[in-house]
Amino acid sequence: MPAVGMKTTNRPDEWKIEQGLAGAELPVLDMTQPKTRSLVIQTFDSLTRNEEAIKAVGDREKLFAAEREGWTGPRGSRSIIVPTDRTRVQSSFVEWEDHPEKKAAAHKILNLQTFPPNPEFQLGPIPGTNPVLPGTHWKMWHHAIGGELTKVPEDSWATVLKEKHPDMLHLLQFPYNGEPPKRLVTSKEITPNSLHFVRNHGGIPLIDKDKFSFLVDGLVAKHREYTMDDLMDESRFPRMKKTITMQCSGTRRIEQILKYPGQGDEVPQAPWAEGAIGTATYVGVSLKKVIKECGGLVGDAKHLEFYGADTYFKDDKTMNYLVSVPWSKVKANEVMLSWEMNGETLPAIHGYPLRVVVLGYIGARSVKWLYRIKAIKEPSRAPVQSQEYLYFPQQVGKHNFKLTDGIQIQEMPVSSAIMSPWTKQVCIHGGKIRCKGWAYSGGGRWPERVELSADGGFNWYTIPVENLSKKRRWTWRTWEYDLPCDVEGWVEIVCRCWDNALNTQPPDVRTAWNWGLHVTSSCHRISVYSVNNTRPATQARLAEFEREGIPFGPITVPLAFPSQTWGDYEKYWKEHDPRDAEDD
């Protein structure tokens with residue numbers, strides 16, 4: 001607060017704004033005229049809601065009613081919930097794609113009201129909570145549509161708490177986005193189901209296996225509907241078992257955000273760290289075999305479009321989750337329909353009873369809660385395929401981008417990350433810093449060499465192959481290595497991977513930055529404070545901390561006892577030249 005009687009035009013947070021610590025508050029500077037103008041930024045005024053017009057759209061309980069018997073949830077267990085007079089069966093499945101009238105009604109409802117803005121976390125502080133972000137808009141959109149979507153956010157969260165490890169880091173409560181903490185990301189070569197990352201795009205349906213079926217249609221010779229029993233009949237479809245690493249294109253996004261913010265709201269741009277990757281063994285059947293039983297593709301079909309039962313929102317429009325992959329990928333037996341994960345029935349949060357697993361591709365193509373496969377001529381025009389998960393050039397941003405500027409992300413590039421130590425951590429060591437992490441390359445390639453540097457990338461140490469996990473075509477390799485480090489003070493540890501095609505990582509996050517904040521494939525860099533305990537002076541100082549019972553960290557706290565006696569100080573200057581040179 002200014003002193004009493006002092007007049008100022010400054011805001012209380014003026015210093016923070018000037019230093020870029022509250023970037024969302026900065027005005028836009030228009031320098032196109034001789035005199036620079038400050039343009040106002042978007043601000044929140046008030047909420048509006050046309051209740052009468054919303055009511056006129058129709059009865060939402062009837063408009064958006066339950067679609068299929070047994071597709072219940074997400075409340076309670078996976079078993080069917082039997083309704084009583086006081087219990088309403090809640091379903092998160094609404095079929096939008098064959099019902100344009102439903103889409104139109106939902107769009108009208110959303111446009112007849114306004115919603116509060118999402119919190120700005122890219123240009124301001126990220127909340128220190130778990131869940132980090134609540135998913136404000138998506139919760140409100142589900143509630144606004146009503147009907148079968150009314151309780152989806154709350155019921156989905158109940159499924160998260162039931163199926164996920166208590167130490168999961170919940171980046172987004174709804175739709176659920178979560179990753180394990182660093183200490184658990186590579187604790188096992190195969191990621192336990194409860195610790196496998198989750199990137200959901202809507203609510204979590206709970207579907208009764210006995211009531212489940214999915215349709216194969218579009219440009220196939222014979223349209224067919226399959227049950228789980230059909231798929232699991234080994235006389236028709238041979239089993240397929242694959243260990244697969246699945247990676248979100250948002251992995252390590254926080255590095256891009258901290259460098260330069262980009263396109264964002266709290267849903268597609270959750271601040272992922274290094275844990276949005278996981279490896280599991282899946283059992284299912286090859287999609288190629290299913291298409292073959294349908295008589296194969298006809299006409300100009302070159303892509304397979306997958307329909308997920310979750311409800312997705314884009315630009316005030318409501319739809320199901322849709323993406324596609326090329327037929328060439330399917331034909332190579334690199335797309336499977338899976339019902340088992342790590343020897344267990346597929347968890348609800350991971351797509352029970354049936355999901356797609358696309359080998360070596362971005363995780364967004366591996367659709368969960370699959371209910372339809374449609375053969376089409378061109379890549380899907382659905383938003384997730386055509387408007388999102390695009391990799392833009394560096395000169396493209398809010399002021400000039402077009403969708404066609406972006407490359408649709410499919411195969412994941414080579415990448416790696418350090419799981420221990422953490423950036424800004426103090427490491428007391430005996431000449432070697434103990435490091436661990438992961439390395440991965442998509443598209444059927446694999447990590448062939450992993451290297452670490454303790455000097456920012458000037459000198460590199462190759463991690464011995466004995467320190468890497470098993471080499472597989474479709475999976476990561478976890479690693480551990482004692483990195484030589486003689487330097488004391490701040491050091492930059494860098495990790496990079498070479499795959500079997502000799503692809504490697506760009507050197508810096510700046511070279512990976514893009515407007516969509518996808519695919520942070522640059523070398524992973526962390527800054528740690530090196531304290532080399534092999535040096536006598538360092539040993540003596542650490543021993544003094546221990547004798548005094550004073551914690552060594554954090555390093556920013558001034559030394560709690562004299563660093564040197566005055567006797568030693570005076571002795572030094574008697575034995576050495578004075579501080580200031582003299583004229584002879």
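Basis of the calculations
Residues numbered from 1 in each chain as written. Predicted model: local features only at pLDDT ≥ 70, side-chain atom pairs only at ≥ 80, totals over all residues. Heavy atoms only, no water. Helix = DSSP H or I, 4+ residues; strand = E, 2+ residues; numbered from the N terminus. Buried < 20%, exposed > 50% of the residue type's maximum accessible area, 1.4 Å probe, protein only. Contact = heavy atoms within 4.5 Å. Patch = residues over 30% accessible without salt bridge, like charges linked within 9 Å, V, L, I, M, F, W, Y side chains within 5 Å. Areas by Shrake-Rupley, 256 points an atom, 1.4 Å probe, with all protein chains shown as cover. Salt bridge = Lys/Arg side-chain N within 4 Å of Asp/Glu carboxyl O. Axes fitted to C-alpha atoms, helices over the stretch in contact; angles between N-to-C directions. Parallel < 35°, antiparallel > 145°, perpendicular 65-115°, else oblique. Nonpolar A, V, L, I, M, F, W, Y, C, P; charged D, E, K, R; others polar. 1 Å grid on protein atoms, 1.4 Å probe; cavity = no way out; pocket = protein on both sides within 12 Å on 5 of 7 lines; lining within 4 Å. Points joined across faces, edges and corners; volume = space filled by probe spheres on them.

What follows concerns the environment of G516. Along the polypeptide, G516 turns up in the loop between α13 (509-512) and β25 (524-532). G516 sits in the buried class, given a relative accessible area of 2%. For G516, the contacting residues outside a window of four places in its chain are R253, Q263, Q269 and F392.

Here we come to a nonpolar patch on the surface. The grouping of V426, I428, W490 and I555 at the surface amounts to a nonpolar patch, some 340 Å² of accessible area in total. Tracing the backbone through its elements, the reader meets W490 in strand β24 (residues 489-499).

Where helix α5 (residues 136-145) meets helix α6 (residues 152-163), the axes come as close as 9 Å, and the angle between the chain directions of the two elements is 125°. When the axis of α5 is compared with that of α6, the two are oblique. In this structure, α5 contributes K139, H142 and H143 to the contact, and α6 contributes V152, P153 and E154. Here the residues of the contact of α5 with α6 sort into two nonpolar, two polar and two charged.

Right, let's get into the pattern of salt bridges. When charged atoms on two side chains of opposite charge get close, those side chains can pair. Using the criterion set out here, one finds 30 salt bridges in the structure. Between R535 and D486 there is a salt bridge, and its shortest N-O distance comes to 3.0 Å. Taken together, the residues span a long stretch of sequence, with R535 in the loop between β25 and α14 (536-548) and D486 in the loop between β23 (477-484) and β24 at a distance of 49 residues. Shared partners join several salt bridges into a network, and the residues in it are R224, D230, R236 and E293.

Here we come to empty space enclosed by the protein. This structure, assessed with the given rule, holds two cavities of 30 Å³ or more. By volume, the largest cavity amounts to about 210 Å³. As for the largest cavity, its lining consists of 22 residues, and the residues nearest its centre are R199, R355, G363, A364 and K368. Along the lines of polarity and charge, the residues of the lining of the largest cavity split into 11 nonpolar, seven polar and four charged. Together, Q247, S249, T251, M412, P413, S415, V519, T520 and S521 line the second largest cavity. When its residues are assigned to classes, the lining of the second largest cavity shows three nonpolar, six polar and no charged.

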